[in-house]
Structures are given as C-alpha cells and as structure tokens.
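Coordinate analysis (summary)
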Amino acid sequence: MALTGKMESEVEIKSNGDDIFHMCAGKKSQHTVTLSPDKVHKVEIQEGEWGDHGSVKVWTFVAEGKVETYKEKVSIDEENKAVRLTALEGQCLELYRSYNIIYQFIHNGATNVVKITIEYEKKNEDIPLRRSTWIS
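Here is a short report on the structure shown in this document. Computed from a predicted model, the values in this text were never measured in an experiment.

**Examining the pattern of salt bridges**
Counted according to the given criterion, the structure contains 6 salt bridges. Glu-89 is paired through a salt bridge with Lys-71; the nearest N and O atoms lie 3.5 Å apart. You can see Glu-89 sitting in strand β5 (residues 82-90) and its partner Lys-71 sitting in strand β4 (residues 66-77), a full 18 residues away along the chain. Using a relative accessible area of 45% as the deciding quantity, one classes Glu-89 as partly exposed.

**As for helix α1 (residues 17-25)**
An α-helical turn contains 3.6 residues, so any two residues separated by three or four positions project in the same direction. Within α1 the residues assigned to the buried category are Gly-17, Phe-21, His-22, Cys-24 and Ala-25. Each buried residue of α1 sits inside an arc of 165° when the element is viewed along its axis, so together they form one side. The secondary structure elements touched by the buried residues of α1 are β1 (4-13), β3 (56-63), β4, β5, β6 (96-108) and β7 (111-122).

**Quick notes on the side chain of Lys-71**
Here Lys-71 falls in the buried class, since its relative accessible area comes to 16%. For Lys-71, the side chain forms a polar contact with the side chain of Gln-46, separated by 2.9 Å. Once you skip the residues sitting within four places of it in the chain, Lys-71 turns out to touch Gln-46, Val-56, Lys-57, Val-58, Thr-86, Ala-87, Leu-88 and Glu-89.

**With respect to the nonpolar core**
In terms of nonpolar packing, the biggest core is built from 27 residues, with Tyr-70, Val-83, Cys-92, Tyr-99, Tyr-103 and Phe-105 touching the most fellow members. Secondary-structure elements contributing two or more residues to this core are α1, β2 (40-47), β3, β4, β5, α3 (92-95), β6 and β7. Ranked by residues supplied to this core, first place goes to β6 with 5 residues.

**Considerations on the packing of aromatic side chains**
Applying the stated criterion across every chain yields a total of 3 aromatic pairs. Between the aromatic rings of Tyr-96 and Tyr-99, the centroid separation amounts to 5.4 Å while the plane-to-plane angle is 45°, which identifies the pairing as tilted. Given a relative accessible area of 8%, Tyr-99 falls into the buried group. Measuring from ring centre to ring centre gives 5.7 Å for Tyr-96 and Tyr-120, while their planes differ by 70°; the resulting arrangement is edge-to-face. Taken together, the residues Tyr-96 in strand β6 and Tyr-120 in strand β7 connect sequence positions 24 residues apart. According to the relative accessible area criterion, Tyr-120 is buried, its value standing at 11%. Members of the aromatic cluster, joined through ring pairs, are Tyr-96, Tyr-99 and Tyr-120.

**Some thoughts on unusual backbone geometry**
Phi at Glu-64 is positive, roughly 55°, even though this residue is not glycine. Mapped onto the elements of the fold, Glu-64 is located in the loop between β3 and β4. What makes Glu-64 exposed here is its relative accessible area of 65%. At Lys-81, a position not held by glycine, the phi torsion is positive, near 50°. Examined against the element boundaries, Lys-81 turns out to sit in the loop between β4 and β5.

Cut-offs used in this document
- Residues numbered from 1 in each chain as written.
- Predicted model: local features only at pLDDT ≥ 70, side-chain atom pairs only at ≥ 80, totals over all residues.
- Heavy atoms only, no water.
- Salt bridge = Lys/Arg side-chain N within 4 Å of Asp/Glu carboxyl O.
- Helix = DSSP H or I, 4+ residues; strand = E, 2+ residues; numbered from the N terminus.
- Buried < 20%, exposed > 50% of the residue type's maximum accessible area, 1.4 Å probe, protein only.
- Arc of directions from axis to C-beta.
- Contact = heavy atoms within 4.5 Å.
- Polar contact = N/O pair within 3.5 Å; in protein donor to acceptor, adjacent residues only side chain to side chain.
- Core = buried A, V, L, I, M, F, W, Y, C linked by side-chain atoms within 4.5 Å.
- Phe/Tyr/Trp six-rings, centres within 6.5 Å; stacked < 30°, edge-to-face > 60°.

Below you can see the structure in the form of structure tokens.
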C-alpha cells in the first residue's frame, strides 16, 4: 500500500467564489467564527498578516465532539484562485507526515465550483484513510 496519496473532489457552490477564495486565503478567515460558531471557536493569526502568502493561522474548532487546534501555513495563488493549506501542527499530524488541503475556485459560466484536493503522506501503512472533517 502506498504511503502517499491524493484525493480530489469538485463541489458546485452557490456563493460567490471570490468571497470564499478570500476567506480560505485568510483575508476573511476570522469571519468563519460568525458563520459557524458551533464548529469554529476561533481563528488567530500567528505569523504574518491576514491574507498574506506565507501567513500562519491557528484554528480552534470542534471535530467529532472534541475541541482541537490546528496550525496551518497559507500559500496563495491569486492567478489560479487557489489556496494551499499546509498542516504544521494538529491531530492530523499524529497520523500523517504531511497533510495539505488545496482549494481552487473555478468559475464556469453561470456556476461556481470549488475543487478540493487533499495530499497526504501516512506515517505507516496501517493508517486507515479517513474523510477529512474539513470537507464534510
């Protein structure tokens, strides 16, 4: 069994793709708390500024009934409307050597689509593939 892998999915969204792109990129991440206060307790900037390429954010959220924290580095590709979130700390790194989530926002005529890609490297072969709580 391979230790590295990639999962991809595309989801049509009814919201403005640019607004969600800016939220994922960090320019509006702090507003996530008001959109989903039962799941996201707080988002703090630890390095850089909100929306800066290379900034580091720390999330406090609820997953499977437990409060957890997750630290990520943000890489922004304005031209392709893509955001790469690289895990620096958090529960996922107990199982994975590396864990990246990439959101790309695509406008196809009258529809907006977000392509979600998860790239990972498991620490060992015995780790089951688990659906991310960030996609559900």
